[in-house]
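The lines below spell out each chain.
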Amino acid sequence: MVTKSPNGTQAEGIALPVNVDKGLSTPLPDQLTQELRRLISEGTLRPGDAVPSSRRLAKHLGISRGSVETAYAQLAVEGFLIAAERSATRINPDLPAASTTVRPKRRVPDSPRRRLRNYVDLRPGFGGDDPLREPAFRRAWRESLDLDPGPIDPLGQPRARWAIADYLRLTRGMAVDPDEIILTSGSRDGLRLLLSLGVSGSIAVENPGFPGLRQAMTDQQLVPLDLDGSSPARADVAAAVVTPNHQFPHGTPMPVDQRARLLDWAARGNVLIVEDDYDSEARFTRTVLPTLFDLASSTGSSAQVVHIGTFSALLTSAVSTGYVIARGPISEELMSLRAALGPAYSPILQMAIASYLGSGGLRRRISRGRRRLRAAEDVVSEIGPIPGLVHEGRTLVIETSQARAESLLRELAERGILVASLARGWTGGDEIRHGLVIAHSNVEAPALREALGAVKSLLSRIQS
């Protein structure tokens, strides 16, 4: 049966729960009239809804078309139905909604088209050009619909794992076997997968540190990690989560000698190192530093390192995709758990990511980001001194008082400029610092120039 909704679109396969019995003494038109009144009173049929054509309903119920037309005519006389020439017969839209219905009235959620951003997003991990509007990304999506992903592999489709391994070889210099890769729906998913194996102790985190992964560890006991070489204050640390390529808040990389000391400390204390490779692509003006995962292997360190990566920062959190790489017994445990839980995300999306990586689309996106950062550095120089600004790495950091920081965040947001709070990066304690963190390469030079001009103006006004 085909009915039509008020907006004129067809809804296939909707059968009204109408019951008529040819064996009863009550005439069929009367039975049908009673059934339709019941559906209206219960709210199954609502004001403005179209009812099936007399021909279609008669065929569906196995009765004559004349019986249906008689019932419709009676309901029209009573004011329940409205018939118009060359138009579907509908429930009278002026009828009050059923007050005795036990079914809540539901409205189909809107699916608006994606809108262009009307704000400047300078928060780390956000901004950049929209990949969902990028021709290469859209082409990868179309191609994925024409490809057969094959049998579903809960660890990740083979083609996607191979594409990620090749991408890491070209962009990170990592020699990874595709079979060592486990697909996840992002860094947090990868970390939660790892934590699900059980951590018998506290977890050391950078302080300050990037707050993203910390949100996935709210049920764990966290302690500050001293990256200057000394071990954490507690002796029961079982794991350490670090972001060696983007030390919060300045975005500076962890030097190689410090990475070596961290691995040595982890090996001596049997501490699991969780390496979040966040922002590894932002090597715009510096040489490639080895990952902790590779460094442990190349130096013969006995430290156990689990490497976590994501494409969400490069693409968008709406395309939550990532991976975990591990070796040894912990790798087998992670694979068993992932296999039990099933795929982290759709095999169709996995094929789209594989096509995008294989076509070089993501590498070209990284190149655009590099050009944007070089232009952003020129804008920072052009703007001139900004009160309280510290610029040592990939982000701009402005330290100020808590009250001023909160005021700045609020006033900038009112102007359509989003920046991050410096305080969110601290693990805790009495030494929390306040201010702004600005990812200045998120936008093109003209938008950045205007945004930094607003920041400078507000800071000068506040401090004058």
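Structural data are supplied above this passage.
Values in this document were obtained by computation on a predicted structure and should not be read as measured data.

Trainee: Give a description of helix α4 (residues 135–146) that names residues and reports values.
Mentor: Along its twelve residues, α4 runs 17 Å from first to last C-alpha, staying within 8% of the 16 Å computed at 1.5 Å per residue. Residues of α4 that are buried in the fold lie against α11 (347–358) and α12 (361–383).

Trainee: Lay out the pairing of strand β6 (residues 181–184) in plain terms, naming residues and giving numbers.
Mentor: The alternating pattern of β6 places Ile-181 and Leu-183 and Ile-182 and Thr-184 on opposite faces, both of which are buried. As judged from the four bridges shared by β6 and strand β12 (residues 322–325), these two strands associate in the antiparallel manner. Bridging from a neighbouring strand, Thr-184 pairs with Gly-322 of β12.

Trainee: Outline the sheet that holds strand β17 (residues 434–438), listing residues and values.
Mentor: What the four strands build is an open sheet, ordered β13-β14-β17-β16; its pairing is antiparallel. Strands at the two margins of the open sheet, each flanked by one partner only, are β13 (389–390) and β16 (420–421). Across five bridges, the pairing between strand β14 (residues 396–400) and β17 is antiparallel. Bridging from a neighbouring strand, Leu-396 pairs with Ile-438 of β17.

Trainee: Kindly report on the pairing of β12, identifying the contributing residues and their values.
Mentor: Remember that side chains alternate between the two faces of the sheet whenever the strand is regular. Both faces of β12 are covered, namely the face carrying Gly-322 and Val-324 and the face carrying Tyr-323 and Ile-325. In this sheet, β12 lies alongside strand β11 (residues 305–310) in antiparallel orientation, the contact comprising four bridges. Across the sheet, residue Thr-310 finds its bridge partner in β12, namely Gly-322.

Trainee: Hey, could you go over the sheet that holds strand β10 (residues 272–276) for me, with residue numbers and the actual values?
Mentor: In any sheet, the strands associate via hydrogen bonds between backbone groups, in a parallel or an antiparallel arrangement. Taken in spatial order, the seven strands of this open sheet run β6-β12-β11-β10-β9-β7-β8, and their pairing is mixed. The sheet terminates laterally at β6 and β8 (222–225), the two strands that pair on one side only. On average, adjacent strands in this sheet sit at an angle of 25° to one another, irrespective of strand direction.

Trainee: How would you summarise the nonpolar core if you had to cite specific residues and measurements?
Mentor: Counting residues in each nonpolar core, the largest one holds 47 residues, and the members touching the most others are Trp-265, Ile-273 and Phe-311. Here this core takes six residues from helix α5 (residues 158–172), the largest share from any one element. When residues no more than four places from it in sequence are discounted, the contact partners of Ile-273 are Ala-240, Val-242, Leu-262, Trp-265, Ala-266, Leu-292, Gln-304, Val-305 and Val-306. Within the second largest apolar cluster, 24 residues are counted, among which are Ile-398, Val-419, Leu-436 and Leu-458.

Trainee: So what's going on with the environment of Asp-130? Residues and values would help.
Mentor: On the secondary structure map, Asp-130 appears in the loop between β5 (120–121) and α4. Asp-130 sits in the buried class, given a relative accessible area of 18%. Spatially, the C-alpha atoms of Asp-130 and Thr-316 are 7.7 Å apart, while their sequence positions differ by 186 residues.

Trainee: Quick one: what's the story with unusual backbone geometry, residue by residue and with numbers?
Mentor: Backbone geometry places Asn-270, a non-glycine residue, at a positive phi of 55°. Along the chain, the position of Asn-270 falls in the loop between α8 (256–269) and β10. Given a relative accessible area of 70%, Asn-270 falls into the exposed group.

Trainee: Now, about the environment of Arg-172: what can you tell me, with residues and values included?
Mentor: Position of Arg-172 among the secondary structure elements: in helix α5. Residues Arg-172 and Thr-291 lie 119 residues apart in sequence; the distance between their C-alpha atoms is 7.9 Å.

Trainee: Please provide a residue-by-residue account of the pattern of salt bridges, values included.
Mentor: Pairing between side chains of opposite charge can happen when the charged atoms of each approach one another. Applying the stated criterion across every chain, the model contains 17 salt bridges. The partner of Asp-277 in a salt bridge is Arg-172, with the nearest N and O atoms 3.0 Å apart. Of this pair, Asp-277 sits in the loop between β10 and α9 (292–298) while Arg-172 sits in helix α5, placing them 105 residues apart in sequence. Here Asp-277 and Arg-172 have matching classes, each one buried. Put simply, Arg-261 and Asp-257 hold a salt bridge, and the shortest N to O gap is 3.6 Å. You can see Arg-261 and its partner Asp-257 sitting in helix α8, four residues apart, about one turn around the helix. Owing to a relative accessible area of 36%, Arg-261 belongs among the partly exposed residues under this scheme. When its relative accessible area of 46% is taken as the criterion, Asp-257 is described as partly exposed. Three or more residues are tied together by salt bridges with common partners; here these are Glu-35, Arg-38 and Glu-42.

Trainee: Just give me the short version of the environment of Lys-22, but keep the residues and values in it.
Mentor: In this fold, Lys-22 is placed in the loop between β2 (10–12) and α1 (28–42). When the C-alpha atoms of Lys-22 and Gly-62 are compared, they prove to be 9.7 Å apart, with 40 residues separating the residues in sequence. Excluding anything up to four places from it in sequence, Lys-22 contacts Leu-28, Gly-62 and Ile-63. Here Gly-62 takes part through its backbone oxygen, which lies 2.6 Å from a polar atom of the side chain of Lys-22.

Trainee: Give a detailed account of the packing of aromatic side chains, specifying residues and quantitative values.
Mentor: Counting across every chain of the model gives three aromatic pairs. Centroid distance Phe-137 to Tyr-356: 5.2 Å. Interplanar angle 90°. Geometry classified as edge-to-face. One end of the pair, Phe-137, is in helix α4; the other, Tyr-356, is in helix α11, with 219 residues separating them in the sequence. By relative accessible area, which is 1% here, Tyr-356 ends up buried. With 5.5 Å between their ring centres and 70° between their planes, Tyr-167 and Phe-311 make a pair best called edge-to-face. Here the residue Tyr-167 occupies a position in helix α5, and Phe-311 occupies one in the loop between β11 and β12, the gap between them amounting to 144 residues. By the ring-pair criterion, three or more aromatic residues cluster together here, those being Tyr-167, Phe-311 and Tyr-323.

Basis of the calculations
- Residues numbered from 1 in each chain as written.
- Predicted model: local features only at pLDDT ≥ 70, side-chain atom pairs only at ≥ 80, totals over all residues.
- Heavy atoms only, no water.
- Helix = DSSP H or I, 4+ residues; strand = E, 2+ residues; numbered from the N terminus.
- Expected span 1.5 Å × (residues − 1).
- Contact = heavy atoms within 4.5 Å.
- Buried < 20%, exposed > 50% of the residue type's maximum accessible area, 1.4 Å probe, protein only.
- Pairing = 2+ DSSP bridges.
- Axes fitted to C-alpha atoms, helices over the stretch in contact; angles between N-to-C directions.
- Core = buried A, V, L, I, M, F, W, Y, C linked by side-chain atoms within 4.5 Å.
- Salt bridge = Lys/Arg side-chain N within 4 Å of Asp/Glu carboxyl O.
- Polar contact = N/O pair within 3.5 Å; in protein donor to acceptor, adjacent residues only side chain to side chain.
- Phe/Tyr/Trp six-rings, centres within 6.5 Å; stacked < 30°, edge-to-face > 60°.

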